[in-house]
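Below, each chain spelled out in residue letters.
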Amino acid sequence: MRCFLPLWRRELAAYFLSPIAYVVTIFFLVVMGFSFWLLASILVQGEGGVTVMKELFGSVFFWLALLVVVPLLTMRLLADEKRTGTMESLMTAPLTDAEVVLAKYAGALSFFVAMWIPTVAYAYLLREFSSESAPIDFGPMMGGYLGAFLIGAFYLSVGLFCSSLTRNQIVSAMMCFAVLGLAFFVGFMPYVSRNPAVQVLGMYASSVTHMLDLSRGAVDTRPIVLYLTGTFFMLFVTVKAVESQKWR
Amino acid sequence: MIKVSHLTKRFAGCTAVNDVSFEVGRGEIVGFLGPNGAGKSTTMRMLACYLPATSGSILVTGRNVLSDSLEVRRRIGYMPENVPLYPEMRVDEYLRFRARIKGVEGSLIRKRVHEVKELCGLKDVGRRLIGQLSKGYRQRVGLADSLVHDPELLILDEPTIGLDPNQIRQVRALIKDLAQRHTILLSTHILSEVEMTCQRVLILNEGRIVASDSPENLKSLLQSGSQIVAEMRGPREEMYEKIRTLPRVQRVAAYELDSWVCFTIDCEKDADLRIQIFELAVRHNWELRELRIGKKSLEEIFVALTRGEPEEVLP
């Protein structure tokens with residue numbers, strides 16, 4: 001793991017040097033800004049309650065942003081290395097496959113976190129410019145951030161895996177979008193099926209429900225375990241996919 | 001340094017490398033020569049631990065490339081074909097990054113990067129973006145990258161492809177320079193390059209080694225007889241007949257150059273017929289403007305080895 005740091009640094013720097021990352025960030029901040037505007041307009045009507053943070057973390061816009069942004073952030077990671085052939089110089093350096101995969105994942109996750117940082121200003125704005133003394137509670141807000149981080153971490157690992165399967169960035173992004181969309185809509189199973197088993201499964205796997213809980217400030221360990229193990233599993237599969245490609 | 005035994009690599013439906021065995025000693029410059037698709041790159045990729053072999057074994061400095069891969073990779077500087085680089089990075093930045101991931105100690109990185117930049121003529125472009133460099137400079141960055149951790153063995157896949165003649169000359173000089181400290185294995189399909197830079201040539205064809213020797217030995221080995229080139233002016237048919245019937249002549253080929261006829265005469269081994277040909281010309285009053293011993297180039301040998309007989313030029 002000695003080489004993890006330089007690899008991670010290069011990966012993060014590559015984001016800041018590519019135009020796609022800026023376009024994606026702008027798109028993300030515009031959508032989140034719109035969510036914030038909705039939140040503020042509800043607060044103006046004086047309806048501030050415990051569930052108000054869901055306007056920021058549980059809205060359609062939040063999910064739209066997450067489902068679009070993640071594939072765009074991860075599509076490049078391994079696919080582009082394979083297309084340009086830099087995979088060859090990377091893999092002939094004394095690095096393990098796990099090091100490379102983890103550094104790439106860490107780079108993507110760091111950029112994802114960096115993308116969220118400007119939204120911290122929302123809390124400050126509400127505090128500073130509201131007539132009420134405490135228009136929002138920080139607990140639910142932290143819960144919302146935790147949820148965004150966990151779900152983002154899992155989605156990014158799925159994106160990294162998709163990127164390891166192809167040489168083409170577009171194919172990688174489409175694959176990731178399809179898989180994430182599928183995973184997202186599993187959460188709506190209870191609405192379309194009467195089968196109790198499917199309903200229970202849907203409830204457990206519903207990212208929307210998890211976000212609604214967390215943005216109320218209810219931190220349940222079950223979704224945390226789900227997303228962490230999911231991330232770990234996807235990273236493991238990615239390492240195996242990279243390894244196996246040498247043998248073909 | 002390198003010991004390859006019975007190396008075979010099969011891809012779906014084709015055998016790229018077929019039962020290849022060879023050894024490379026410390027300090028040698030060995031050239032891989034072969035037509036496109038002969039298995040040069042595949043062999044090099046296997047040596048560089050990028051592709052695993054289907055069967056057979058590779059030892060580099062006594063270590064197996066499969067079981068001791070990281071240790072082997074630390075000792076190899078590998079420059080892939082077409083030199084893949086990150087276009088968004090600056091030259092300095094890239095070399096420092098490569099030095100770091102190849103395990104060069106932190107305190108030595110600055111010094112090593114400086115050294116390889118000097119060696120490869122990159123001093124003036126350290127701040128430039130790799131994506132904006134010309135092909136020749138990119139090639140040098142690739143070479144600098146393969147040298148940055150001071151490897152014992154350099155594996156260069158087509159190091160001069162796509163360069164202009166001046167740059168080719170520079171890269172060749174650089175390779176010769178490097179040979180004093182490193183063992184070098186390079187591949188090429190340009191024959192003169194091997195003749196100029198390598199001490200030993202391995203000729204590959206269709207995944208097999210068809211010859212392995214020094215360029216000079218290969219030439220003499222394949223030159224069973226000697227060859228004389230003569231350019232004369234006179235009655236064509238008569239000249240051709242007279243030369244063909246000289247003693248110890250095996251074969252005569254002729255083609256016309258303006259009003260001159262250029263004969264290529266294959267003789268028996270060690271036969272020098274220049275005097276006889278000169279006398280022939282004097283006796284029949286033919287004009288003679290060139291008379292010399294012809295040397296088969298490595299190119300002809302290459303063609304002979306990889307395609308069968310060289311094409312004959314008949315009158």
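Up top you'll find the structure we're talking about.
Owing to the predicted nature of the structure, the values given are computational and were not obtained by experimental measurement. (Residues numbered from 1 in each chain as written. Chains lettered and ligands numbered in written order. Predicted model: local features only at pLDDT ≥ 70, side-chain atom pairs only at ≥ 80, totals over all residues. Heavy atoms only, no water.)

## A word on the sheet that holds strand E1 (residues 2-11) of chain B
Residue and element names in this part refer to chain B. Note the threshold: If DSSP finds at least two bridges between two strands, the strands pair. Here a strand is any run of E in DSSP of at least two residues, a helix any run of H or I of at least four, and the numbering for each starts at the N terminus. Any two residues whose heavy atoms approach within 4.5 Å are treated as being in contact. Note on geometry: axes are C-alpha line fits, over the in-contact stretch for helices, and angles between N-to-C directions span 0 to 180 degrees.
Judged by pairing direction, the sheet is antiparallel, and its four strands sit side by side in the order E2-E1-E4-E5 without closing on themselves. The outermost strands of the open sheet, each flanked by one partner alone, are strand E2 (14-24) and strand E5 (63-64). Sheet topology note: the E1/E2 ladder contains seven bridges and is antiparallel. Looking at the pairing, Lys3 lines up with Glu23 of E2. Relative to E1, helix H1 (residues 40-47) is tilted by about 120 degrees, and along the sheet it contacts E1, E2 and strand E4 (55-60).

## Let's talk about the interface of chain B and chain A
Stated formally: Take the accessible area each of two parts loses on contact, using a 1.4 Å probe, and add the two losses: that sum is the buried area. One side-chain nitrogen of Lys or Arg within 4 Å of one carboxyl oxygen of Asp or Glu is enough to make a salt bridge. Pairing of N or O atoms within 3.5 Å defines a polar contact, subject to two protein rules: one partner must be a possible hydrogen donor and the other a possible acceptor, and residues neighboring in sequence count only if both atoms are side-chain atoms.
Taken together, the contact pairs 23 residues of chain B with 25 residues of chain A. Counting the surface lost from both chain B and chain A, the interface buries some 2,400 Å², and carbon and sulfur atoms represent 61% of this. Ranking the residues of chain B by area buried against chain A places B:Tyr50, B:Arg73 and B:Ile101 at the top, with a combined share of 26%. At the surface where chain B touches chain A, the tally comes to two salt bridges. When the shortest N-O distance is used, the salt bridge between A:Glu88 and B:Arg45 registers 2.9 Å. Where chain B meets chain A, there are eight residue pairs in polar contact (both at pLDDT 80 or more). Taken together, the elements giving at least two residues each to the side of chain B that touches chain A come down to helix H2 (69-75) and helix H3 (91-101) of chain B. Considering every element that reaches the side of chain B that touches chain A, the biggest residue donor is H3(B), with four residues.

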